[in-house]
Amino acid sequence: MRFVTKAIHVGEEPDLREGSSGDVAVPIHLSTTFARKDVEKPTGGYEYSRTSNPARDALEKKLAALENAEFGLAFASGMAAESTLLLSLLKSGDHVVACDDLYGGTRRLFRDVLQNFVEFTYVDARNPENVKKAIQGNTKLFWMETPTNPLMRLCDIEAIAKIAKKKNIVTVIDNTFMTPCFQKPLDFGADVVVHSTTKYLGGHSDVVGGAIMLSNETLYKKIKFNQNAVGAVPSPFDCFLVVRGIKTLRLRMERHDENARALARYLESHPKVKKVYYPGLPSHPQHELAKKQMSAFGGMLSFEIKGTAEDAKAFLGRVKIFALAESLGGVESLIEHPALMTHASIPEGERKRIGITDTLIRVSVGTEDIEDLLGDLEQALG
Ligand code: P1T
C-alpha cells in the first residue's frame, strides 16, 4: 500500500464477521473496562482502557504504517510521549546530546524535570561534527528536531544516525513539523520518531496528542510497558480525532506546503522583512539537505521583521486572518512571537545565543486561499 491508502485504511478494516456492525470509521468504545468469560484471559483481547482500547489500537497501527515503522504508540500529548520515551530509555547518570534549537516545552522538560538525573548537552546540530564532538562515555541518546522549532534549521538525519550507530546511541527525531508525509526519519537510519499529534496529524486544532514510532522490538516493549505503567494515554475520542485527521494528511500537507512556499517568497521580497527562514527557499543555507531528506518543505516558516520588538508586536496586533496563537499544524493559519510565547521558558541569554530574537515571528501557514493570506500580511506589514 502507498502512503495515502495506508493513511485512510490501515487499522480500520471493517469487521464483517457475523454479528458485527461493519463500521467503516473506527468506533469509539468509551468503556473503561472490558468483561471476560474466563478469569485467566480477556475474551476480546481488551481488559482495561489505559492498557489498550480499540480506537487506540487503530491509531497506533496507522501511526506505525505512516512512518514505515513496526510499532506505533499513542500518548495524551507530545510532552507525554517525550517524557515516557525518556523515562523508558534513560537511567540516572546518562547523557543526552540535543540540538540547541528545540520547542520551548521540550527544553523545559529537559532542564526543569530531567536535569536532576540526566545530563544534557545542546549543540548546533546543523553540523554533524558538533554532535560527534559532544559524545561522552555515558551518552545514550541523540535528540533532534528537523526542521527545528522555530528557526527551521535542519540536521542531516543519515549522518547523525551513522555517528550514533557506531557508539550504540539511540537517535530520536521529532518529526512534528514535516510529518511522515514529507520526511521519514527511520528510512534514514533514525531509531525512534516522536510527534506532537496535536499538530498536522490531528490537523484541526481540536485534539492534544503525542506519538512514538519505531521498529526496534526491545525498545518498543520497554516503552509499551511504561505507556501503561506511567499512564499518559489519550482518550478513545482523542484517538478517533487523530485517526480522522490522518486520513486527509496528504491533502492538507500539500496545500500547507504550496501556501507556505508562496508566503515565503512574498516575505523574502518585502522591504520590511529582514530575513526568512524556510527550507524551501533556495536562499536557505540547507536547501540542498532539505531536498535530500524531505520530499517537500511543509507549512512552517519564521521571519525577522525589520525594526524593534515594539514593531513586531504592532504587526502582530494588525493581522486579521492569522490568529495570534501558539501551536501549529491546523488548517487555520496561526502566527506568534516565539520569544514571548512558545519559547518564553528558555532563559533570555540562551534564546539570544541560539538566534530567537525579539523581532522573530513564526507562522503556521494554513490551508486558506493564498490570496487572503497574502492580503492579510500585506495590510499588516503596511
Ligand atoms: O503540545 P504537545 O502536544 O505536548 O507537543 C509538544 C511539542 C513537541 N514537539 C514539537 C516540535 C512541538 O512543536 C511541540 C508543541 N509545540 C507548540 C505548542 C508550539 O506552538 O510550538
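These figures come from a predicted structure and were not determined experimentally. (Residues numbered from 1 in each chain as written. Predicted model: local features only at pLDDT ≥ 70, side-chain atom pairs only at ≥ 80, totals over all residues. Heavy atoms only, no water.)

**Some details on the nonpolar core**
Nonpolar side chains in soluble globular proteins tend to end up buried together. By size, the foremost hydrophobic cluster in this structure holds 72 residues, and its most contacted members are Leu267, Leu301, Phe303, Phe315, Ile335 and Ile361. No other element matches the 8 residues that helix 10 (residues 249–268) contributes to this core. Taken domain by domain, this core gets at least three of its residues from each of domain 1 (3–247) and domain 2 (250–381). Those residues in contact with Ile361 that sit more than four places away from it in its chain are Leu301, Ser302, Phe303, Ile305, Ala312, Phe315, Leu316, Ile335, Glu336 and Pro338. Judged by nonpolar contacts, the second largest core, of 45 residues, contains Leu86, Val118, Ala125 and Ile173. (Core = buried A, V, L, I, M, F, W, Y, C linked by side-chain atoms within 4.5 Å. Buried < 20%, exposed > 50% of the residue type's maximum accessible area, 1.4 Å probe, protein only. Helix = DSSP H or I, 4+ residues; strand = E, 2+ residues; numbered from the N terminus. Domains from an automatic or database assignment. Contact = heavy atoms within 4.5 Å.)

**Some thoughts on the domain arrangement of the protein chain**
The domain boundaries assigned to the protein chain delineate domain 1 (3–247) and domain 2 (250–381). For domain 1 and domain 2, the distance between their C-alpha centres works out to 26 Å. The interface of domain 1 with domain 2 comprises 40 residues on the first partner and 43 residues on the second. Across the interface of domain 1 and domain 2, roughly 3500 Å² is buried in total on both sides, 57% from carbon and sulfur atoms. Applying the counting rule to domain 1 against domain 2 returns 4 salt bridges. Residues Glu350 and Arg107 are paired through a salt bridge, measuring 2.6 Å at the closest nitrogen-oxygen approach. For the pair domain 1 and domain 2, the interface holds 21 residue pairs in polar contact (both at pLDDT 80 or more). Only helix 1 (3–9), helix 4 (104–114), helix 6 (157–166), helix 7 (179–182) and helix 9 (236–247) provide two or more residues apiece to the side of domain 1 that touches domain 2. Per element, the largest residue contribution to the side of domain 1 that touches domain 2 is 4 residues, and it comes from helix 4. (Buried area = accessible area lost by both parts, 1.4 Å probe. Salt bridge = Lys/Arg side-chain N within 4 Å of Asp/Glu carboxyl O. Polar contact = N/O pair within 3.5 Å; in protein donor to acceptor, adjacent residues only side chain to side chain.)

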